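Chain residues, written in single-letter form:
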Amino acid sequence: MNVQQIDYILAVAELRHFGRAAEQCNITQSTISTMVARFEEELGLLLFDRKQKPVVLTKEGEEVIRQLYVVRKELENLNEQVRSLKGEGRSELKIGIIPTIGPYLLPLFLNSFVNNYPDIRFEVSEVTTEEIVSNILSRDLDIGIVSIPLRNPAISEYFLYDEPFLCFDQDIKKESSNYRVSELDYDRLWLLGEGHCMRTQVEKICAFQQSRPLSRNLNYKSATINTLIKFVKNSKGVTLLPFLATLDLTLEEKETLYNFEAPVPCRSVGVIVHRHFTKRGLLESLQQHILECVSPRLPIVQKAYFPIDPV
């Protein structure tokens, strides 16, 4: 197996046509057919059912092609690493971050971090934890910033910080600034939509108490924390917010923001990478930069936390 064979095979898999794949690879159709057949002979497996038009993958071929995409990405990473060691070309770093962390963490560190690496092209996207894990495993993402632990054996996790949750209650104005989990009114509780790890975390926090069915006839599942805050305000509802998401609230909004009594619910935030990730220097620099920017802003809570797993 060589790199050219991989490119030829993936071209056929994507185009489902030997002739068009040959044109894309700037070779003859007989050449690409020979190269694919030679690879199939080496494996002792047929990757393509040539009797069907367009060409389709066999069951075994689907598995092999999936792995070949990973191999090709690894080869690209290796070539990039070699170019970096030789001082040639521009490097690239792709970062994924979940939407309940991104809008509040990124403005604190991202600009100053990327300015330290003018020769690296950064690509940052907000996606769900599930998408981040999937893209890291396929090597389409380099680094993820998520709630941990995930406990995936193919993923390496690095702890950054614990972030406490606060109670945002728009109906009750308490004299005390503290709030007990047992005081949560589930009839007024608003949550993010399915697929957000913070929704799961809040449900786990509330599971410590005897839950009651919602009495209201509207069950809106918000996609963002900012939208969630607006609905809670308009409906005199209640929700739980991660600490960094509360920093930009207005003074009026902060009047109905309460700390939880011990044990304080919190989430652990960390970076995740593929276990074979090679850009260790950048990873360590990113961790250090985030901690330097975030640590002064997080509260020092002497009371015990109870961490909430994201899944």
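Description of the structure in this document. No experiment lies behind these values; they were computed from the predicted model shown. (Residues numbered from 1 in each chain as written. Predicted model: local features only at pLDDT ≥ 70, side-chain atom pairs only at ≥ 80, totals over all residues. Heavy atoms only, no water.)

### Details of the overall build of the protein chain
What counts is decided by this rule: Put simply, DSSP H or I for four residues or longer makes a helix, DSSP E for two residues or longer makes a strand, and each gets a number counted from the N terminus. We call two residues in contact whenever any of their non-hydrogen atoms come within 4.5 Å of each other. In this description, accessible areas are obtained by the Shrake-Rupley approach with a 1.4 Å probe, and a residue is regarded as covered only by the protein chains that are shown.
Across its full length, the protein chain carries 10 helices and 11 strands. Looking at the protein chain alone, contacts between residues at least 24 apart form 77% of all its contacts between residues at least 6 apart. Summed over all atoms, the accessible surface of the protein chain reaches about 16,500 Å², with 50% contributed by carbon and sulfur.

### So, the packing of helix H1 (residues 3-15) against helix H3 (residues 29-43)
As a reminder, the rule being used: Under this scheme, a helix contributes an axis fitted over its contacting stretch, all axes are lines through C-alpha atoms, and angles between N-to-C directions fall in the 0 to 180 degree range. In what follows, roughly perpendicular refers to angles from 65 to 115 degrees, roughly parallel to angles under 35, roughly antiparallel to angles over 145, and oblique to any angle outside these ranges. When residues are grouped by polarity, Ala, Val, Leu, Ile, Met, Phe, Trp, Tyr, Cys and Pro land in nonpolar, Asp, Glu, Lys and Arg in charged, and all others, Gly among them, in polar.
Running from N to C, H1 and H3 cross one another at 105°; their axes reach a closest spacing of 9 Å. Comparing their axes, H3 and H1 come out roughly perpendicular. On H3, the residues that touch Gln5, Tyr8, Ile9 and Val12 of H1 are Ile32, Met35, Val36, Arg38, Phe39 and Glu42. Its residues placed into classes, the contact of H1 with H3 shows 7 nonpolar, 1 polar and 2 charged.

### What about the pairing of strand S10 (residues 264-274)?
Under the convention used in this document: The cut-offs for exposure are 20% and 50% of the maximum accessible area for each residue type, with area from a 1.4 Å probe on protein chains only; residues under the lower value are buried, those over the upper are exposed, and the others partly exposed. Any two strands with at least two DSSP bridges between them are considered paired.
Among the 11 residues in S10, 11 count as buried, and that is most of the element. As paired strands, strand S6 (residues 155-169) and S10 are joined by 9 bridges and run antiparallel to one another. Counterpart to Tyr161 in the pairing with S10 is Val269.

### Brief notes about the environment of Ala22
The residue Ala22 is located in helix H2 (residues 18-24) in this model. Exposure remark for Ala22: the relative accessible area of 2% places this residue in the buried category. For the pair Ala22 and Ala11, spaced 11 residues apart in sequence, the C-alpha separation works out to 8.2 Å. Setting aside anything within four residues of it in sequence, one finds Ala22 in contact with Ile27, Thr28, Gln29 and Ile32.

### Observations concerning the nonpolar core
We count it as follows: Among the buried residues, those of types Ala, Val, Leu, Ile, Met, Phe, Trp, Tyr and Cys that are joined through side-chain atoms within 4.5 Å form a nonpolar core.
With 52 residues, the main nonpolar core has Leu105, Phe109, Ile143, Ile145, Tyr161, Ile272 and Ile290 as its most contacted residues. Residues within four places of Tyr161 in sequence aside, it is in contact with Ile101, Leu105, Leu244, Arg267, Ser268, Val269, Ile290, Val294 and Leu298. Tyr8, Leu10, Ala13 and Val64 belong to the second largest nonpolar core, which has 21 residues in total.

### Examining the side chain of Gln5
Mapped onto the elements, Gln5 comes out in helix H1. Using a relative accessible area of 3% as the deciding quantity, one classes Gln5 as buried. Here Gln5 is in contact with Met35, Arg38, Phe39 and Glu42, once residues within four sequence places are set aside.

### Some words on H3
Using the following cut-off: Expected span of a helix: the number of residues minus one, times 1.5 Å.
For H3, with 15 residues, the first-to-last C-alpha span of 21 Å sits near the 21 Å given by 1.5 Å per residue. Just past H3, the residue Gly44 takes up positive phi, approximately 75°.

### Quick look at the pattern of salt bridges
In plain terms, the rule: Salt-bridge detection follows one rule: a side-chain nitrogen of Lys or Arg within 4 Å of a carboxyl oxygen of Asp or Glu.
Applying the stated rule across the entire model yields 10 salt bridges. We note a salt bridge from Glu14 to Arg72, for which the minimum N-O separation is 3.8 Å. One end of the pair, Glu14, is in helix H1; the other, Arg72, is in helix H4 (residues 59-85), with 58 residues separating them in the sequence. In this structure Glu14 comes out as partly exposed when scored by relative accessible area, which is 43%. Here Glu63 makes a salt bridge to Arg66, at a shortest N to O gap of 3.0 Å. Residue Glu63 and its partner Arg66 are located together in helix H4, separated by 3 residues, close to a single helical turn. Judged by its relative accessible area of 44%, Arg66 is partly exposed. Here the salt bridges share partners, and the residues they tie into one network are Asp7, Glu14 and Arg72.

### A short note on the side chain of Arg267
For clarity, the cut-off: Counted as a polar contact is a pair of N or O atoms within 3.5 Å, where, for protein atoms, one must be capable of donating a hydrogen and the other of accepting one, and residues adjacent in sequence contribute only when both atoms are in side chains.
With respect to the helices and strands, Arg267 occurs in strand S10. Of the residues examined, Arg267 reaches a relative accessible area of 1% and is grouped as buried. Among the polar contacts made by the side chain of Arg267, one reaches the main-chain carbonyl oxygen of Thr100 at a distance of 2.9 Å.

### Some details on the packing of aromatic side chains
Threshold: Between the rings of Phe, Tyr and Trp (Trp by its six-membered ring), a pair exists once the centres lie within 6.5 Å; its type follows the angle of the planes, with under 30 degrees stacked, over 60 edge-to-face, and the other angles tilted.
Summed over the entire model, instances satisfying the criterion amount to 5 aromatic pairs. Their ring planes at 75° and their centres at 6.0 Å tell us that Phe18 and Phe48 sit as a pair that is edge-to-face. A residue pair is termed long-range when its members are at least 10 positions apart, and Phe18 in helix H2 and Phe48 in strand S1 (residues 48-49) qualify at 30 residues. Residue Phe18 shares its accessibility class with Phe48, and that shared class is buried.

Remember, this is a structural readout, not a statement about activity or role.
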